[in-house]
Amino acid sequence: MSSEPVSLDLDRRSFMKASALAGGLALGGGATGHALAQDGSGEPPDGALGDEGELVKSVCNYCSVGCGFKGERKGDAFIGMEPWFENPHNNGSLCSKGASIYGTEHSEKRLKHPMKLEGGEWTKISWNDAMEEITSEFDRIRQEFGPDSVMWMGSAHFSNEDAYAFRKLAALFGTTNVDHQARICHSTTVSGLANTWGYGAMTNTLNDYRNYDLLFIIGQNPAEAHPISMQHVLEGQKRGGKIINIDPRYTKTSAHADEFHRMRPGTDVALMMGIMRYLRDQGELDRDMLADRVQGWPDVEVELDQYDLDTVADITWISRESIEHLGDQFIEHKPNIQIEWAMGGTQHNNGTQNIRSYALTGLATSGIGRAGGGMQVMRGHANVQGATDLGPNSHILPGYYSVESPGSWAYWTDVWNQSPWTSGNVSFKELYDRYDVMSKRKYEESSGEATSTFAFEGNDIETRSMMFQKGITVARWYDAALPQEERQNNAELYQPSPLKAMLIQGHSANSISEMDKQKRAMENLDLLVIADIFPSVASVMHDREDGVILLPVASQYEHHGSLTNTHRSVQWRDPVRPPGHNSKTDMEIIQLLADGLGFGEHFDWGSGPELYNGRSTYENCLREINLGVRTIGYQQSPERLQQHKEYDWAFSTETLRADAPGTPVDGDYWMLPWPCWGDEHPGTPILWRDDTDPREGGFDFRARWGATAPTRQQWNELVASSEAPDRPDYPFAETVNRQGQAGLGMLRAPYTPDWNTGYNGRVEGVPQYPGFSTVWPEDITNPTAMSLPYRYAHDPTKSVFDTARALIRKANQGTLRPQGAASDINPQEYSQYDSKQPDPPTGRGKARAVAWNFLDVVPVHREPVESPRPDLVERWPANGQQTNFFRLDQDNAATQKTSTQAAQQQGMNTILTSGRQVEHQGGGSETRSNLFTADLQPHMYAEIHPDMA
Ligand code: SF4
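Small disclaimer: the values here were computed from a predicted structure and weren't measured.

## Focus on the overall build of the protein
No. 1: When helices and strands are counted, the protein shows 35 helices and 25 strands.
No. 2: The C-alpha atoms of the protein give 27 Å as radius of gyration, which agrees with the globular expectation for 949 residues (30 Å, within 12%).
No. 3: Considered along the principal axes of its C-alpha atoms, the protein spans approximately 75 × 75 × 65 Å.
No. 4: Split into buried and exposed, the 949 residues of the protein put 64% on the buried side.
No. 5: Here the contacts in the protein between residues at least 6 apart in sequence split such that 73% fall between residues at least 24 apart.

Laid out in structure tokens, this is it:
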């Protein structure tokens, strides 16, 4: 970072200069705004009395629908809200949460100054003192106990840039102990979907709800959780679509549905397998889809034999007749069937398999890769998708590059070293040296292999480096701060020392279970830092007297940046006003922490007075993201995103596409849903559409798992080397039995799509384009220009083989960026893939019916850990021991046994359902701090089954 001192505070003049304002509308009034915009000191903020009023296009930060609104500003005051009618997501509407933004912004309960708990008293401290104390204490802990003793807990309501910066901060500090809320809400979705077809995201758009024939809502209540999405849902119903709602509770969504079926919680797999079994028995599975685009289906069919409808009825508490009726509905309405879920589907010990069972049902009914079909994954917080893609995750680097691979680290070190938008330099070895190593005993016991050293990029690297170990998760962070005897199942901790300090930034502790353990864990820390817009539960749930610092964070309407909504659109947002009170933006806090910890030069995006809050800070950070995140097509330039706002009128609410010849946005989809492969790509509103040209967003399933699934011999070798899950039986026995070795093929067979009229008709199945996830454009200052693999993939005259050869040529000429990106490419391995055709860079593969890396390779019903049916636990137990699972042992089967026995001993045979009371944002702290939405919070309740009642 420049040694020149810079102003840390954005004054009004630079704020006005930095803001991208859409409008210039004169607004009347403003007295209320003046009063509300006061900073708590009794003084009106600078400029609040100015004459000009302006409207700023912003995006609601409560849920992942991403509704737009116009914030009214006068001077530096946020004085009101107006509808943004042209925004194609919401056409001007907001739900009660969105409409309350103004009240939240001006809430008296906002944290206004940095605070410190000393001798049981909260006292104000300056930002300088707070940052000095935090960074020196984190540094002391790093020296004394190692970098893994600090936990970095980030947020799904960060902007994309905040999320990315937070992940980078932890990486440069030297730990993978960094995580955020999506771990407990949708990590099972990501795992389930990504392991089926390559990407773990919502396949279709919110607007595409208008096109279903059947909407199957399971474990989600959009009428309350995502009210504006419900407008599209009801539009679909008005057009003749049918809604079936499956839930343990009768909700407001149930009231809108055409049918409601009450299920026992945690039995989704049994229900979906039962429906697929019924379809099979009726001869109604889509055999063409399963043969052409899915690998391993025969082994699913064998598993369906376990799910006769009487068994399914017994497990789910949905009658046999109702299951048959549901099956008939699938038959009547396929293929335009959408399956929608949220936390009701994901938050189970068997959550990943729930998601897999939905995905397989979608494949079996041909609902994937078409408008009106797909997997409608509804995220909670505004930026769950973006934060997961780019940010604080303990097992991946931005863009899903695994921390377990040294290659991932080398790649991201290159990005951070060469980024033209920061002044920092770092080599792989320098970064590696910041990480601790696991003890020999722990490493060998948990991995089943001897510790070793290997050569990597000219360095001797240890396999047991903590750099390559997944970090602790949000879900069980507390166990890492407790003594072993207090941890769940007395678990070992696979890192050198327990946690000693934690930063919780934008994350409320009450969204995590085990409150008592969290409380005790917080009390064990040397320092607890909480950065939030409101004092959150974590500020007060412990009984500490000292060692807590609270940092006031600016709202998301007080700085620039982008956020990715639930359907992958990357929306740009401008600030309605500068940071309120004595708060700072998340980005500025991250930059100050990096400065204090000695590596601020990697975070100096922006320049001059814009260094912290200015637009160029966020734009330059996004450009660095554009450069690095090549796996999922994050090549949406800030300029294009801002242009979309300017030409908002051009975009259709029906399709999200701009039909405006002569404008720069013509043909684009609103806010370029990822993958967007570069400046020439319109974005991808619907994943896996093989009826669309790839240059227009067309896709086949990602060819992520090579050309073939493991043969029996390869499987046996994997088992012998302990690389396969603990499952000696070959997972493709039935597939090979019915289809021979050809059934193991993971690439799609040739087919003839309508769009391919200009290129001899047929397209071939091909592997992923070499270098697509690692090669940059030639001019890295222009990171959204298409890289060579992207260009060649789209080019009808180029093939996968051509791409491999061209990359090697460039590498030999020394012009490939980053250097070494083609080091493991052998063109001869691609010689058989010489079909010259337009492709997605991710190749043309098949979906996996059998996810052979999972413990349950095909979905299996597993009784909930707390089950009221001990008889079912015996047949369908939870999965057992997992060693060093994100640095802690886990044994769901043992926990299930203990809790089931305890329930039995106490004569319990009743399920009491309760909704989570952390709806809304930040564990509810924002909405509870707002007079209007606090009133909307649901009351506590308990429900029992009517038969029992
Ligand atoms: S909370 Fe969600 S549905 Fe409501 S206005 Fe905000 S983004 Fe839209």
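Okay, back to it.
## What to know about helix α12 (residues 268-281)
No. 1: In this model, α12 (14 residues) spans 20 Å end to end at C-alpha, consistent with the 20 Å of a helix rising 1.5 Å per residue.
No. 2: The positive-phi residue at the C-terminal boundary of α12 is Gly283, with phi of around 70 degrees.

## Comments concerning the packing of helix α26 (residues 615-628) against helix α27 (residues 638-646)
No. 1: Relative orientation of the contacting elements α26 and α27 amounts to 120 degrees, with a least axis distance of 9 Å. Between α26 and α27, the angle is such that the two are oblique. Residues Arg615, Glu619, Leu622, Arg623 and Asn626 of α26 lie in contact with α27, whose contacting residues are Pro638, Glu639, Leu641 and Gln642.
No. 2: Residues of the contact of α26 with α27, tallied by class, amount to three nonpolar, two polar and four charged.

## Examining unusual backbone geometry
No. 1: Here the amide bond leading from Trp674 into Pro675 is cis, since omega sits at 0 degrees, within 30 degrees of zero.
No. 2: By the element assignment, Pro675 lies in the loop between α27 and α28 (712-720).
No. 3: For Asn490, which is not glycine, the phi dihedral falls at a positive 55 degrees.
No. 4: Note that Asn490 resides in the loop between β17 (459-462) and β18 (501-505).
No. 5: In this structure, Leu656 takes a positive phi of about 70 degrees despite not being glycine.

## A few points about the pattern of salt bridges
No. 1: By the definition in use, this model includes 64 salt bridges.
No. 2: The closest approach of N and O atoms between Glu624 and Lys168, which form a salt bridge, is 2.9 Å. A residue pair is termed long-range when its members are at least 10 positions apart, and Glu624 in helix α26 and Lys168 in helix α6 (residues 160-173) qualify at 456 residues.
No. 3: Notably, a salt bridge pairs Asp516 with Arg520, separated by 3.2 Å at the nearest N-O pair. Here Arg520 and Asp516 lie together in helix α23 (residues 515-524), a separation of four residues that amounts to about one turn.
No. 4: Judged by relative accessible area, which is 28%, Arg520 ranks as partly exposed.
No. 5: What emerges from the salt-bridge pattern is a single network uniting Arg293, Asp690, Asp700, Arg748, Asp839 and Arg844.

## Observations concerning the site of the ligand
No. 1: Close to the ligand lie Cys60, Tyr62, Cys63, Val65, Gly66, Cys67, Leu94, Cys95, Lys97, Gly98, Pro227 and Ile228.
No. 2: Here the ligand occupies the second largest cavity.
No. 3: Elements with a contribution of two residues or more to the shell around the ligand: α3 (96-99) and α10 (227-238).
No. 4: Residue composition of the shell around the ligand, grouped by class: nine nonpolar, two polar and one charged.

## Digging into the pairing of strand β12 (residues 337-341)
No. 1: Taking burial as the measure, the five residues of β12 include five buried ones, the bulk of the element.
No. 2: The alternating pattern of β12 places Ile337, Ile339 and Trp341 and Gln338 and Glu340 on opposite faces, both of which are buried.
No. 3: Pairing between strand β8 (residues 214-218) and β12: four bridges, direction parallel. The partner of Leu214 across the bridge, within β12, is Ile337.
No. 4: With three bridges connecting them, β12 and strand β13 (residues 375-377) associate as parallel partners.

## Re the sheet that holds strand β2 (residues 68-74)
No. 1: The sheet built from three strands is open, its strands ordered β1-β2-β3 with antiparallel pairing. Lying at the two open borders of the sheet, with one neighbouring strand each, are β1 (53-59) and β3 (77-83). Each adjacent strand pair in this sheet contributes to an overall mean axis angle of 35 degrees, direction not counted.

## Some details on α10
No. 1: Over its 12 residues, α10 extends 17 Å from the first C-alpha to the last, a length consistent with the 16 Å expected when each residue adds 1.5 Å.
No. 2: Within α10, the full set of buried residues consists of Ile228, Ser229, Met230, His232, Val233, Glu235 and Gly236.
No. 3: Structurally, α10 contributes buried residues whose contacts are with β8, α9 (222-225), β9 (242-247), α11 (252-256) and β12.
No. 4: Immediately beyond the C-terminal end of α10, within one or two residues, lies Gly240, with a positive phi of roughly 110 degrees.

Conventions and cut-offs
Within any chain, residue numbers begin from 1 and follow the written order of that chain's sequence. Reporting of local features is limited, given that this is a predicted model, to residues whose pLDDT is at least 70; pairs of side-chain atoms are given and counted only at 80 or more, and all residues count toward the totals for whole chains, interfaces and linings. Excluded from the side-chain calculations are hydrogens and water; all other atoms, namely the structure's heavy atoms, are used. Secondary structure elements follow DSSP: runs of H or I of four or more residues count as helices, runs of E of two or more count as strands, with numbering from the N terminus. The globule rule used for comparison is 2.2 Å times the number of residues to the exponent 0.38, while the radius of gyration itself is calculated over C-alpha atoms. Exposure classes here rest on a 1.4 Å probe applied to the protein chains alone. A residue is buried below 20% of its type maximum, exposed above 50%, and partly exposed in between. In this description, contact between two residues means that some pair of their heavy atoms is separated by no more than 4.5 Å. By definition here, a helix of n residues has an expected span of 1.5 Å times n minus one. Here, axes are lines fitted to C-alpha atoms. For helices the fit covers the stretch in contact, and angles between N-to-C directions go from 0 to 180 degrees. In these notes the angle categories are as follows: under 35 degrees is roughly parallel, over 145 is roughly antiparallel, 65 to 115 is roughly perpendicular, and the rest is oblique. Think of it as three bins: nonpolar holds Ala, Val, Leu, Ile, Met, Phe, Trp, Tyr, Cys and Pro, charged holds Asp, Glu, Lys and Arg, and polar takes everything else, Gly as well. Only one rule defines a salt bridge in this text: a Lys or Arg side-chain nitrogen within 4 Å of an Asp or Glu carboxyl oxygen. A cutoff of 4 Å decides nearness: a residue is near a molecule or strand if any of its heavy atoms lies inside that distance of it. Cavity means a closed set of points on a 1 Å grid over the protein atoms alone, one where a 1.4 Å probe fits but cannot get out, pocket means an open set with protein on both sides within 12 Å along at least 5 of 7 lines, and lining means a residue has an atom within 4 Å of a point. In this description, a molecule resides in a pocket or cavity if more than half of its atoms sit within 2 Å of the grid points defining it. Two strands qualify as a pair provided DSSP detects at least 2 bridges between them.

All quantities given are derived from atomic positions and should not be read as evidence of function.
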